[in-house]
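Observations on chain architecture
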Amino acid sequence: MNSLTKIHKVYFRLDCGGLIGFGHLSRCMSLGEELLKENIEPVFIIRKRPSIAHLRIPFKTIWLEEIPDTTVMN
């Protein structure tokens, strides 16, 4: 691969937390660590949920605001 086509960043859009679990996050973290070894920056995009307020991600993270449900189930 020549320098003009080199990938510099990879974005991961994922969700995690109390009801969902953390499996997706742990798999993406493993991929992120491998990308760093290749000088590729992983960037995580995660929805901000109360159950993950304490979460510390070692990569650049873009936090999306939690949007309340817009539909009402009867």
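Structure first, text after, so check above.
Residues numbered from 1 in each chain as written. Predicted model: local features only at pLDDT ≥ 70, side-chain atom pairs only at ≥ 80, totals over all residues. Heavy atoms only, no water.

**With respect to the overall build of the protein**
Our working rule: The helix count covers DSSP runs of H or I at least four residues long, the strand count covers runs of E at least two residues long, and both are numbered beginning at the N terminus. For the exposure calls, accessible area comes from a 1.4 Å probe over protein chains only, and a residue counts as buried if that area is under 20% of its type's maximum, exposed if over 50%, partly exposed in between. Any two residues whose heavy atoms approach within 4.5 Å are treated as being in contact. Only the protein chains shown count as cover for residues, and the accessible areas themselves come from Shrake-Rupley with a 1.4 Å probe.
When helices and strands are tallied, the protein shows one helix and three strands. Helices (α) and strands (β) of the protein occur, in sequence order from the N terminus, as β-α-β-β. The 74 residues of the protein split such that 27% are buried. Of all intrachain contacts in the protein linking residues separated by at least 6 positions in sequence, the fraction that spans at least 24 positions is 49%. Counting only carbon and sulfur atoms, one obtains 59% of the accessible surface of the protein, whose full area is about 5,700 Å².

**Regarding the pattern of salt bridges**
Where we set the bar: The working definition used for a salt bridge is a side-chain nitrogen of Lys or Arg within 4 Å of a carboxyl oxygen of Asp or Glu.
Applying the stated rule across the entire model yields five salt bridges. Ionic pairing is found between Arg47 and Asp15, a salt bridge with its closest N-O pair at 3.2 Å. In this pair, Arg47 is assigned in strand E2 (residues 41-47) and Asp15 in the loop between strand E1 (9-14) and helix H1 (23-37), connecting sequence segments 32 residues apart. Of the residues examined, Arg47 reaches a relative accessible area of 25% and is grouped as partly exposed. Connected through salt bridges with shared partners, the residues Arg13, Asp15 and Arg47 form a single ionic network.

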